[in-house]
Structure formats: C-alpha cells, structure tokens
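Letter by letter, the chains look like this.
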Amino acid sequence: MISAVELGLLYGVVALGVYLTFRVLHFPDLTVDGSFTTGAATAAVLLVNGWSPVLATLAGFGAGFLAGTVTGLLHTKGRIDGLLAGILTMIALWSINLRIMGTANVPLLRKDTLFTPLRKADLLGTWAGIGIVAAFLVVLGLVVVWFLTTDLGLSIRATGDNGPMITSFGVSTDFTKTLTLGLSNGLVGAAGALVAQYQGFADISMGIGLILIGLASVIMGQAIFGQRFLWLATFAVVVGAVVYRLIIFAALEVGLNPNDMKLITALLVIVALLLPRWRSALGGRKPAAKAKV
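Fair warning: this is a prediction, and the values are worked out from it, not measured in the lab.

Enquirer: Explain the nonpolar core to me, using residue names and the numbers behind them.
Expert: One finds L10, Y11, V14, L16, Y19, F36 and L148 to be the most contacted residues of the largest nonpolar core, which totals 71 residues. For this core, the secondary-structure elements that each account for two or more residues are α1 (2–24), α2 (32–48), α6 (127–148), α9 (173–199), α10 (210–225), α11 (230–253) and α12 (261–283). Sort the elements by how many residues they give to this core and α1 lands first, with 13 residues. Excluding residues that lie within four positions of it along the chain, Y11 makes contacts with F36, V195, L210, I213, A241 and R245.

Given below as structure tokens:
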C-alpha cells in the first residue's frame, strides 16, 4: 500500500498539470499521453549520459513544455480544433520519443536518481519517505496556487471562464492558452521524469491512457473535497491521484485482472462525474461553485 501512495503522489504532479488545462482553461488536451513519455525519455537518456538527476528532471519539464507549446500554437495560430491539436501532437510525440530513447525501453539500473538518497537511507517504501514526497507536493501545490493568483494567473483563469471578456481588456488569449498548455505539459513531463526515476526505467508505452488517469484524479479529488476555494481545488487533485492509486491497488489485491484496470478507471471517472449530480438531486442543491481565491 505504501508504494501505491508514493506512486499516487508522483502522479499528483500529472493531476496538477491536467487541472490547469481541464479545470482552469477548460481545454480538452490529449497531449499529456505523449508529453509524459517525452519527459521520462528525456530524463532517462540524460541520466544514462551522466547528467545530474535535478537537471534531468528539469529537462523533462522543458521537453513537456515544448510539447504543450506546440499544441497551443497549432490551436491558436493554426486555428486547429483543440482536441485535434492535442491528438496530432500526441501522435507525433510517439516517433519523437523513440528518437530520443533510441529504443523502446531505457533502464536506469545503477544510475543515481532523485530517489537514490531515499533508497540508501532505507526511507523509500516507508511512511517517512511518503512524508518527504508529500512535502514536495505541498510546495509544488503552493507554487501553483500562488501563480494562479498573480495577474498572469488571473488572466489565464479569466481566459477559461470568459475568453471574449478578457480579450476586451487587452489580454492575448492566444498567449494565455499557449502558456497554460506549455506549463501543464511541463508538469506532466516532470512527472514522467520522476516516475521513470522511481520505477528505474523509461518505456515508450508508459504514457498510454494517462489522460484518463489525470482526469480520474482531478474529478475524483474535487468530487470528494469540492472546488469552492482555489487552494482546496488544487490540493484536492493531488489527493485524488492518491485515492485513485489506492483504488487500483485494492482492485488488484482482491484478484481483479490487471487487464481490466483501464475499464475500472473509466468507471471511476464516470462515477466521479455523476457524483455531484447525485448530491445535488438528493440534497436539492446546485453543484459546487467554481474555485475562488
């Protein structure tokens, strides 16, 4: 169970990235299926070539940021539908990721990673290790909350809520959309780098279906904790990622077939989407309002 919580916390970084596009920008971005692997591939190749784990992880963020920026430019400058733009980038990234790695799998055996100090101190796989990873997620979550309360962050939130209105104030929605997609996929790429270091390898197929995991984390977390306040909505998605991993862990423990995990994930998303409606119908209340500062 501890390993499930650790992995859930790492996927919480993915959830933060998906939250920026899905909830803040209201943009259906499928780039994450490719940018996750791009971040993992970039970090793995750099680690094999002797780079520092910190720099390799930052490079994973940068690679994801570039992927998201391409999707943003296709949508804003190329006037391609957002969903299609994400699909096109995701498909292109499959070949790019293979080019980066040179093979379908890059092992990180005997390579120093960000988790090597925790392993050497026998903290990985313990509650103390979970506390350290959770502290990192808290700091990252606070950075996201702070960014969304800046003038630029408020412009991004306004772009998602009412694009024509914020345009009338002189804000370039093309810029805010492209930047948000870049930051979102940058976080996803960093998550890929972290997961590759945690698991000890990068694989070409590790990002398949990731958008569903990210959506499950965002929707489940906010269905449980709500999204009335910005800080609550942000941290709820991280908790949702942990809850998702624990549910998958429990499903495997009771003997369900691992091949059914995608089906279970889809069902979890459906239930999480319907939960606010059920609450509203039973309680006679409207769904929770959008996040406030």
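Enquirer: An account of a nonpolar patch on the surface is needed here, citing residue identities and associated values.
Expert: Taken together, the side chains of L263, L267, I270, V271, L274 and W278 present a nonpolar region at the surface, about 550 Å² in accessible area. Note on L267: relative accessible area 47%, which makes it partly exposed.

Enquirer: Describe the environment of R228, with residues and values.
Expert: Locating R228 in the fold gives a position in the loop between α10 and α11. Placed 24 residues apart in sequence, R228 and L252 show a C-alpha to C-alpha distance of 34 Å.

Enquirer: I'd like a description of the pattern of salt bridges, backed by residues and values.
Expert: A pair can form between side chains of opposite charge whenever their charged atoms are brought close. All chains considered together, the criterion is met by 2 salt bridges. Its salt-bridge partner being K77, residue D174 comes within 3.6 Å of it at the nearest N-O pair. You can see D174 sitting in helix α9 and its partner K77 sitting in the loop between α3 (53–76) and α4 (82–101), a full 97 residues away along the chain. Classification of D174 by relative accessible area gives buried; the value is 17%. For R79, the salt bridge goes to D174, with nearest N and O atoms at 3.8 Å. One end of the pair, R79, is in the loop between α3 and α4; the other, D174, is in helix α9, with 95 residues separating them in the sequence.

Calculation notes
Residues numbered from 1 in each chain as written. Predicted model: local features only at pLDDT ≥ 70, side-chain atom pairs only at ≥ 80, totals over all residues. Heavy atoms only, no water. Core = buried A, V, L, I, M, F, W, Y, C linked by side-chain atoms within 4.5 Å. Buried < 20%, exposed > 50% of the residue type's maximum accessible area, 1.4 Å probe, protein only. Helix = DSSP H or I, 4+ residues; strand = E, 2+ residues; numbered from the N terminus. Contact = heavy atoms within 4.5 Å. Patch = residues over 30% accessible without salt bridge, like charges linked within 9 Å, V, L, I, M, F, W, Y side chains within 5 Å. Areas by Shrake-Rupley, 256 points an atom, 1.4 Å probe, with all protein chains shown as cover. Salt bridge = Lys/Arg side-chain N within 4 Å of Asp/Glu carboxyl O.

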